[in-house]
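Report on the structure
Spelled out from the first residue to the last, the chains are:
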Amino acid sequence: MAEDKAMVCPFCGWTNAENGAGEYEMLLHMETLHAEGESQFVVKEDTASDAGTVENISYVECPTDGCGEVLLLQELDYHLELHSEESGDHLKEQPAPPQELDAQVETSPSGPSRAHREAERHRRPDHGSDTTDRQAKAISAWKRLLKMPGSLSKRSHDERQASTGHSTRGKRLGKTQLGKYAHEDRMPDWLVVLLKKSGQVTSQGVVSVLAQLLEQSSSTKYAYLCHPCVQHVSKLKREGGFCGYRNIQMLSSYIMDTKSKGHEHLRNSIPSIFQIQEWIETAWDQGINAQGRLETGGIRGTRKYIGTPEALAVFRLLGIPCNAQGIKHKEPGKSEAQLMEFVENYFQSGVEDPTQRIRKTNLPPLYFQHTGHSLTIIGFEKLKNGSRQLIVFDPSFHDSSYMVRLAGQTFVHPMPDMALKPYRRGNRYLKAYKEFELLRLGTGAEEGV
């Protein structure tokens, strides 16, 4: 029983096993030593909605060292699962599993079953560090403490409006829409230095790696991919939630490499977060989506979330053709179905060779927004079992070093579905949402400039 309650602080390594301390002592330790303003771990906000009701939304900060992502409580379980895949240790070449094991294991569309993964893990020598082990135990302990539900619950109407599409345009927004630092006037100096010094983490050539993995996947019926030049831009350690900026940077990598209209503004480099903030503020000055300033109170030098309206403002300021598409349906599953249809039709329009199983295009990726987070859609996949999945670059996660090393190589992967898992987003991820936003780059006035 005492072992069940043992927890390790994910920030400093202190354990509540000392002196018989329990869950309360761990919470007290976190609140006393690691709080930043309000509780750094669980953030609750009471704000009045349009109807005069009060919303009480729980957020949680990811306990993984250096992540800093603030998530809706229901999303933590899936987020931590993706972190477990991020190191790429499970992707290093291993001897093929015995035939009798393969016969007993049912492979899901998203990759091998948990039993298969455990078997693979036990066959490998343990090279994990004490720090990694301690972090894994801390994550497990916090999940128990929070009593994570087995599946995502439905969102309230006001939470769905938090897709940072800013549904209530024209009124000052709060933490629900703008994140933990909604009322921040200036980000801390250490973060300014970090962003100016390190910029961003980028990976090139990963789209081509994914094309080979999809070709080798036994679960893939067919798939589409965007232009292979698109770079995966992911966040720096401890930066927090700049996902909107990172997705703008990914679309910018396409504009820059293909010399598309407006590329001269990029000056052959991916724009920094500070440059994007300046463009947003300038767009507002020029009357482009100008209500954003009223809603945010200004975003220059802050960590406030941005979304589709701000991305649209940047590209329109720079004269880059683009348009935004909103998808919203009250009936469960309808929004997801419409999203999948839109994305597949988009990629179908640019197919070079429709006879190929993996259908490459020269199209730009799509900016994709849902409640509280945004990603970049780089492809679409239809599985043999009939289900459909988005192929994405998620700025919250890095490409594993193993995946990066495969760029530019021809290879045969022993476990392609496992390697693809961090890039697939299907029903399990999307089913919680009834509202999505997409931004697509275009080539002319017909695209809604």
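Numbers given for residues are sequential positions, taken from 1 along each chain in its written order. In keeping with the predicted nature of the model, local features appear solely for residues at pLDDT of at least 70, side-chain atom pairs appear and are counted solely at 80 or more, and the whole-chain, interface and lining totals rest on all residues. Side-chain measures here rest on the full set of heavy atoms in the structure, leaving out hydrogens and waters.

As recorded by an unreviewed UniProt entry, the chain carries the name Peptidase family C78-domain-containing protein and is attributed to Chaetomidium leptoderma.

Regarding the overall build of the chain
Put simply, the test is: In this description a helix means any DSSP run of H or I spanning at least four residues, a strand means any run of E spanning at least two, and both kinds are numbered starting from the N terminus. Burial here depends on accessible area, computed with a 1.4 Å probe over protein chains only, as a share of the maximum for the residue type. Under 20% is buried, over 50% is exposed, and the range in between is partly exposed. Only heavy atoms matter for contacts: two residues are in contact if any of them lie within 4.5 Å across the pair. Residue exposure ignores everything except the shown protein chains as possible cover, and the areas themselves are Shrake-Rupley values with a 1.4 Å probe.
The number of helices and strands found in the chain is 18 helices and 13 strands. Split into buried and exposed, the 449 residues of the chain put 54% on the buried side. For the chain, the proportion of contacts with a sequence separation of at least 24, taken over those separated by at least 6, is 70%. Accessible surface for the chain amounts to roughly 20,300 Å². Of this, 49% is attributable to carbon and sulfur atoms.

Regarding the pairing of strand S5 (residues 220-225)
The cut-off we apply is this: Between any two strands, pairing holds if DSSP finds at least two bridges.
Within S5, five of the six residues are buried, which leaves the element mostly enclosed by the surrounding structure. Bridging between S5 and strand S10 (residues 373-383) involves five bridges; their strand directions are antiparallel. Directly across from Tyr224, in S10, lies its bridge partner Phe380. Where S5 meets strand S8 (residues 358-360), three bridges bridge the pair, whose relative direction is parallel. Across the sheet, Ala223 pairs through a bridge with Ile358, a residue of S8.

Remarks on the packing of helix H11 (residues 243-258) against helix H14 (residues 308-317)
Put simply, the rule is: For helices, the fitted line uses only the C-alpha atoms of the stretch in contact; every axis is such a line through C-alpha atoms, and the angle between N-to-C directions lies from 0 to 180 degrees. Oblique is the label for any angle not covered by the other classes, which are roughly parallel (under 35 degrees), roughly antiparallel (over 145) and roughly perpendicular (65 to 115). Here is the rule for handedness: rotate from the far helix to the near one, and if that takes an anticlockwise turn smaller than a right angle the crossing is left-handed, while a clockwise turn gives right-handed. For this classification, Asp, Glu, Lys and Arg are treated as charged, while Ala, Val, Leu, Ile, Met, Phe, Trp, Tyr, Cys and Pro are nonpolar and the rest, including Gly, are polar.
Following both chains from N to C, one finds H11 and H14 inclined at 30°, their axes separated by 11 Å at the closest point. By the criterion of interaxial angle, the relationship of H11 to H14 is roughly parallel. As for the relative orientation of H11 and H14, their crossing is right-handed in sense. Contacts from Ile248, Leu251, Ser252 and Ile255 of H11 reach H14 at Ala311, Val314 and Phe315. Looking at the contact of H11 with H14 residue by residue, the class counts come to six nonpolar, one polar and no charged.

Overview of helix H15 (residues 334-348)
Short version of the rule: Here a helix's expected span is defined as the number of its residues, less one, multiplied by 1.5 Å. The reported arc concerns the directions from the helix axis to the C-beta atoms and nothing else.
For H15, with 15 residues, the first-to-last C-alpha span of 21 Å sits near the 21 Å given by 1.5 Å per residue. Of the residues making up H15, those classed as buried are Ser335, Glu336, Leu339, Met340, Val343, Glu344, Tyr346 and Phe347. Seen from one end, H15 has its buried residues packed into an arc of 160°, which puts them on one side.

Structural notes on the packing of aromatic side chains
Just so we agree on the cut-off: Each pair of aromatic rings taken from Phe, Tyr and Trp, with Trp reduced to its six-membered ring, is defined by centres within 6.5 Å and is described as stacked if the planes are under 30 degrees apart, edge-to-face if over 60, and tilted in the remaining cases.
The tally for this structure, following the rule as stated, stands at eight aromatic pairs. When the ring of Tyr224 is compared with that of Phe380, the centres are 6.3 Å apart and the planes differ by 45°; the resulting orientation is tilted. In this pair, Tyr224 is assigned in strand S5 and Phe380 in strand S10, connecting sequence segments 156 residues apart. Residue Tyr224 is classed as buried on the basis of its relative accessible area of 3%. Judged by its relative accessible area of 0%, Phe380 falls in the buried class. With a centroid separation of 6.3 Å and 75° between ring planes, the pair formed by Tyr433 and Phe436 is classed as edge-to-face.

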